[in-house]
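These are the residues of each chain, in order.
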Amino acid sequence: MLESSRQNFPAWLPLIIILALGAFLLLFHLDHRPFWQDEAETACLAKNVLKYGVPRAYDGTNLVSQEQGHEFDQNFLWRWSPWLQIYVVAAAFKIGGLTNYAGRFPFALMGIACIFLVYQLVNHNFGDQAWACLAALLLTTSVVFLLFARQCRYYSLGTLLVLVNLYAFRRDWQNRTIPALLLGLSATLMFYTNYLLFFSYFIPFILAAFLLYYSDIRFLRALLIIFAVVVTIIPGLLLFRIQQQSMMVNLWSFIPKNSIDYFADLFQFLIPLPIALFLLYRWGRSLWHRANLFLDPSEKFILFLSLIITGNIIVLSPAPQDEVRYLIHLSPLCAIILGWVICRAWHYHKFSGVLLGLLLLGTNWLYVLPVEWLGIINRPLHNDPHMLSYPNFPLKLYLNELTSTYPDVNQELIRFFQTHARPGDVILTTYGDLPLQFYTSCKVLGGLQEHTPLTRPPRWLVPRWYVRRNRQYDLNDSEKAIRQLLAQTGAYQTIPLPYEDEIFGNRPDPYFHRFIPPIEPLSHLVIYEKKSTAQPAP
Amino acid sequence: MKRNPLPNPLRNPSEWGKWLLSAGLLLITVLGFYQLYEVQVVFFPEKYQEIEIKLMHQEFCKIDKNLKKLLLKIHYLQELNAAGRQMPSDPVDGFSSRAFASTSNIAAPPQPARVWQAALHEAKKTRGYVAAKLIQMDVILTSLQRSLMSNDAAPASIRPERQKLLAQIRQIRERYKIYQGDLKKLSRKLNNLVDSYETSHASN
């Protein structure tokens, strides 16, 4: 099919079209919604980098914290998560100003680079342009990947480093210096992007590489690279207090539940269960018949990627939080696997190949329906039919959001306080404190911070309907404080707002991301203003 | 001259796989279209609400299970509190600190305070889970009720369906109140246990 068409147009044209599509999907209206809590954490720290040179949690007015103050030391130096993403955002703010677009732009660009690298990885190593184009197109149209890549967070940076690492691994790193350097550098940078990502990716990567590419590995060089990486990450291990955070790892408590949840997320959003079962059956049958999988280098590579994905989930499982964001760096690997499967389906039966391609590119039905039938679907109670946990046309939902004004909860709160609050006013909220810190000139307390004794009652109270608890499963200090203040009869007046009190805002997690406003809002925002400071009605 | 009949593809076993694959993918395609919200709302206007109500019944099973788990954990904590240094087995997790001590010659047996803290952490986690679920259900029930009652222009044919759903929501509300009451009682017991433990340790 593709051979005849090559004669009519240049070979690079499909790639250009895919990259143009990717650029549009990643860059268009990048600032359509404000930063939500996690993005605002990165943005606030980046803002402080511009002021202090280092990520400082306290700027003299507001404190950046979501772990009851455990993220920083006595000098407020940030020691919870690595700094690379913070400095990327700081550089972007320095060039583009303190805007949503500037904060997200570098990561969106990295998303485009990921699409290019997926194409290159396949085309360069296997010479199969159809497979390369399909893999790149699958990543481009993966709404889950697009949502995360448009965040002012490390997600696309981590994904890009995974691809650089794979690309370098497939080049002649055994004999050439630059691929060897890239292998080591991508590992080091990945650690300083997110160490959970680093450990969860590299442990299975190394094991799978030894298992499948044993004869290609030069041990001395491999040991040298590993040693260099270990030396470069030692300062980070100490700075980010990883030993202290590893106390949260609980093998027996988390592994069973988390591994089931991660596999459920994988099948619901990244690789459909029927395809995973097909691959398992295919390789199981080959093992049974002692057939040599290694005759086909492309299939060997697919097995390699599958082992990395499986091992990644196993390594992630002991960590306390199971979130889809810890799987996003596997999106390109899944796209490569799915592209290969579509090509095989095409060669086997053209009609099925086309149908499979259309289903995977345009819908999420092959992901959602099988897990729904088996009763293993993860679908939170608060999900709406226009979310990715229901059968949908994901790109249609995504474009709908980009081309219309979504009533974002953080946007409404920001707008309200920019209009009604005075600089220096104290706002106490149970969540969403960090976006308010970034966008307003108020002193914002609460959220998931440690309790701060108040010298005077705050002028504004923002209780959110979704109740949050700390890691000890007690009510957060902000929840308790607001309940106590509201129990004082007559101290505050109610200001109900006609906007939905959405749980997070622009969170990219498919279980929480809304593309269009819900059929019926769950709850409306209510703000309380202290009566003695309230403005009289006109 | 006789024409040779067209070969029957189903006679050829190697073709079965292709037909099965196509059939499977076509089934997904058809069902995918059928399950789209925009299509469902035309044929089954209340389908989304029915799915939500079904999910709520599933959530109730989880809440029920976790409330029982919480009760057992509270009993375990009561035994820990009463027995002092003696450490009974946790009936929920099956963890016996005595068994741990006897099988592990190298590691020291766990301190009573640590056992208490671990058991308390698990009890609070279960309580937090149930509380979060109940709050979510309350908000979603209110929203569902609002959406069902708000559309007065609904055709007469679907009004019985709507009434049935509203009746189911009322039943769910009753059950929700029972679970909420149970959680409050257990929460009070847990808080009292924590206070009594802290008081006894403070005086020691």
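Before any of the text, the structure's been laid out above.
Predicted, not measured: the structure shown is a model, and the values here were computed from it. Within each chain, residues carry numbers counting from 1 in the order of the written sequence. Throughout, the order in which chains and ligands are written sets their labels, letters from A for the former and numbers from 1 for the latter. Thresholds applied to this predicted model are a pLDDT of at least 70 for local features of residues and 80 or more for the giving and counting of side-chain atom pairs; totals over whole chains, interfaces and linings are not thresholded and use all residues. Side-chain metrics in this entry use all non-hydrogen atoms of the structure; hydrogen atoms and water are not considered.

### Details of the overall build of chain B
Scanning chain B for helices and strands turns up 6 helices and 0 strands. A run of H or I in DSSP becomes a helix once it reaches four residues, and a run of E becomes a strand once it reaches two; helices and strands are each numbered from the N terminus. Ordering the α and β elements of chain B from the N terminus gives α-α-α-α-α-α. When burial is assessed residue by residue, chain B has 36% of its 204 residues classed as buried. Restricting the contact set of chain B to residue pairs at least 6 apart, pairs at least 24 apart contribute 72%. The rule is simple: take the accessible area with a 1.4 Å probe, protein chains only, and divide by the maximum for that residue type; under 20% is buried, over 50% is exposed, in between is partly exposed. Residue contacts are defined here by distance: any two heavy atoms, one from each residue, within 4.5 Å place the two residues in contact.

### Some words on the overall build of chain A
Helix and strand content of chain A: 22 helices and 5 strands. The size measure is the radius of gyration over C-alpha atoms, and the globule rule it meets is 2.2 Å times the number of residues to the 0.38 power. Taking 24 Å as the expected radius of gyration for a compact globule of 538 residues, we find that chain A reaches 25 Å, a close match to that expectation. Seen along its three principal axes, the alpha-carbon backbone of chain A occupies a region of about 80 × 50 × 45 Å. Counting every position in chain A, which comprises 538 residues, the buried fraction comes to 59%.

### Focus on the sheet that holds strand β2 (residues 443–446) of chain A
All names here are of chain A. Strand order in the open sheet formed by 5 strands is β2-β1-β3-β5-β4, with mixed pairing between adjacent strands. Each of the sheet's edge strands pairs with one partner strand only, and the pair in question is β2 and β4 (492–500). Adjacent strand axes in the sheet meet at a mean angle of 25 degrees when their direction is disregarded. Any two strands between which DSSP finds at least two bridges are classified as paired. Direction of pairing for β4 relative to strand β5 (residues 524–530): antiparallel, over a ladder of 6 bridges. Note that in β5 the partner of Y492 across the bridge is K530. Where helix α20 (residues 409–420) meets the sheet, its contacts fall on β1 (426–429), β3 (460–462), β4 and β5, and the angle it forms with β5 comes to roughly 25 degrees. Interaxial angles span 0 to 180 degrees and are taken between N-to-C directions of axes, which are lines fitted to C-alpha atoms, for helices over the stretch in contact. Across the sheet, helix α22 (residues 477–487) is in contact with β1, β2, β3, β4 and β5; its angle to β1 comes to roughly 110 degrees.

### Concerning helix α8 (residues 155–170) of chain A
End to end, α8 of chain A covers 23 Å across 16 residues, agreeing with the expected 22 Å (1.5 Å per residue, within 8%). Among the 16 residues in α8 of chain A, 15 count as buried, and that is most of the element. Here, expected helix span is obtained from the residue count minus one, scaled by 1.5 Å.

### Re the interface of chain B and chain A
By a frequent convention, interface size equals the accessible area lost on bringing the separate parts together. On the chain A side, the residues contacting the 37 residues of chain B number 40 residues. Note on terms: buried area is the combined drop in 1.4 Å-probe accessible area of two parts once they are placed together, counting the loss on both. Ranking the residues of chain B by area buried against chain A places L25, I28 and Q136 of chain B at the top, with a combined share of 16%. For this analysis, a salt bridge means a side-chain nitrogen from Lys or Arg found within 4 Å of a carboxyl oxygen belonging to Asp or Glu. Put simply, chain B and chain A have 1 salt bridge between them. Ionic pairing is found between D474 of chain A and K124 of chain B, a salt bridge with its closest N-O pair at 3.0 Å. In protein, a polar contact requires one atom able to donate a hydrogen and another able to accept it; more generally it is a pair of N or O atoms within 3.5 Å, and residues adjacent in sequence count only if both atoms are side-chain atoms. Across the contact surface, chain B and chain A share 7 residue pairs in polar contact (both at pLDDT 80 or more). If you tally residues by element for the side of chain B that touches chain A, the top one is helix α5 (residues 112–150) of chain B, at 15 residues. By the convention adopted, Pro, Cys, Tyr, Trp, Phe, Met, Ile, Leu, Val and Ala count as nonpolar, Lys, Arg, Asp and Glu as charged, and the other residues, Gly among them, as polar. Here the residues of the side of chain B that touches chain A are counted per class, giving 17 nonpolar, 11 polar and 9 charged.

### Let's talk about the pattern of salt bridges
All names here are of chain A. One pass over the structure, following the stated rule, counts 29 salt bridges over all chains. Taking the shortest distance from any N to any O, the salt bridge between R344 and D296 comes out at 3.3 Å. Taken as a pair, R344 in helix α16 (residues 331–348) and D296 in the loop between α14 (273–288) and α15 (297–316) lie far apart in primary sequence, 48 residues in all. The class for D296 is partly exposed, based on a relative accessible area of 24%. For D501, the salt bridge identified is with R464, shortest N-O distance 2.6 Å. On the criterion of sequence distance, the pair formed by D501 in the loop between β4 and β5 and R464 in the loop between β3 and α22 is long-range, its members being 37 residues apart.

### Looking at a positive patch on the surface
Exposure above 30% relative accessible area and the lack of any salt bridge qualify a residue for a patch; like charges then connect within 9 Å, and the nonpolar side chains Val, Leu, Ile, Met, Phe, Trp and Tyr within 5 Å. Reported accessibility uses the Shrake-Rupley method at a 1.4 Å probe radius. Residues are deemed covered only where the shown protein chains occlude them. Here Asp and Glu are counted as negative and Lys and Arg as positive; His is not counted, and neither are the chain ends. Where a charge lies is defined by one atom per residue type: Lys uses NZ, Arg uses CZ, Asp uses CG and Glu uses CD. Taken together, the side chains of K184, K185, R188 and K189 of chain B present a region of like positive charge at the surface. Along the chain, the position of R188 of chain B falls in helix α6 (residues 159–203).

### Points about a nonpolar patch on the surface
Residues and elements named next belong to chain A. Residues F199, I203, I206, L207, I226, V230, I234, L237 and L238 make up a contiguous nonpolar surface patch of roughly 730 Å² in combined accessible area. Breaking the nonpolar patch down by element, the ones donating at least two residues are α10 (195–212) and α11 (219–239). Structurally, the position occupied by I206 is in helix α10.

### Regarding the packing of α10 of chain A against α11 of chain A
All names here are of chain A. As a packed pair, α10 and α11 sit with axes 14 Å apart at the nearest point and diverge in direction by 170 degrees. Classified by the interaxial angle, the pair formed by α10 and α11 is roughly antiparallel. Listed contacts from α11 to F198, F199, I206 and F210 of α10 are F219, I226, V229, I233 and L237. In terms of residue class, the contact of α10 with α11 is built from 9 nonpolar, no polar and no charged. These descriptions rest on fixed angle ranges, namely under 35 degrees for roughly parallel, over 145 for roughly antiparallel, 65 to 115 for roughly perpendicular, and the rest for oblique.

### Some details on the side chain of S331 of chain A
Residue and element names in this part refer to chain A. By the element assignment, S331 lies in helix α16. Within the structure, S331 has its side chain in polar contact with the backbone oxygen of I328 (distance 2.7 Å). Once residues lying within four places of it in the same chain are set aside, the contact partners of S331 are L139, F145 and L270.

### Considering the environment of A167 of chain B
Along the chain, A167 of chain B turns up in helix α6. C-alpha of A167 of chain B to C-alpha of V30 of chain B: the two residues are 137 residues apart in sequence and 33 Å apart in space.

### Side note on the packing of aromatic side chains
Only centres within 6.5 Å qualify two rings of Phe, Tyr or Trp (six-membered ring in Trp) as a pair; their planes then separate them into stacked at under 30 degrees, edge-to-face at over 60, and tilted for everything else. Per the stated rule, a full pass over the model turns up 49 aromatic pairs over all chains. When the centroid spacing of 5.4 Å and the interplanar angle of 45 degrees are considered together, the rings of F126 of chain A and F301 of chain A count as tilted. With F126 of chain A in helix α5 (residues 100–126) and F301 of chain A in helix α15, this residue pair connects regions lying 175 residues apart in the sequence. Under the relative-accessibility criterion, F301 of chain A is labelled buried at 0%. Plain terms: the ring middles of Y214 of chain A and F219 of chain A are 5.6 Å apart, the flat faces sit at 65 degrees to each other, and that makes the pair edge-to-face. Directly above the aromatic system of Y406 of chain A lies the positively charged group of R33 of chain A, at a separation of 4.0 Å from the ring centroid. Directly above the ring of Y176 of chain B sits R173 of chain B, whose terminal nitrogen or CZ lies 5.8 Å from the centroid. We call a charge positioned above a ring when the Lys NZ or Arg CZ atom is no farther than 6 Å from the ring centre and deviates by at most 35 degrees from the ring normal.

### Some thoughts on the nonpolar core
L166, F304, I336 and F417 of chain A are the most contacted members of the largest nonpolar core, which has 212 residues in total. In terms of residue count, α5 of chain B provides more of this core than any other element does, 14 residues in total. Those residues within four positions of I336 of chain A in sequence are excluded, and the remaining contacts are V118, L121, V122, W131, A135, F301, I302 and L305 of chain A. Nonpolar cores are built from buried Ala, Val, Leu, Ile, Met, Phe, Trp, Tyr and Cys residues. Side-chain atoms within 4.5 Å join them into one set. L461, L485, A491 and Y492 of chain A belong to the second largest nonpolar core, which has 10 residues in total.

### A closer look at the environment of V54 of chain A
Residues and elements named next belong to chain A. Checked against the element boundaries, V54 lands in the loop between α3 (37–52) and α4 (84–96). With a relative accessible area of 31%, V54 lands in the partly exposed category. When the C-alpha positions of V54 and L77 are compared, they lie 7.4 Å apart, and in sequence the two are 23 residues distant. Discounting residues that sit within four places of it in the chain, V54 has contacts with N48, V49, L77 and Y87.

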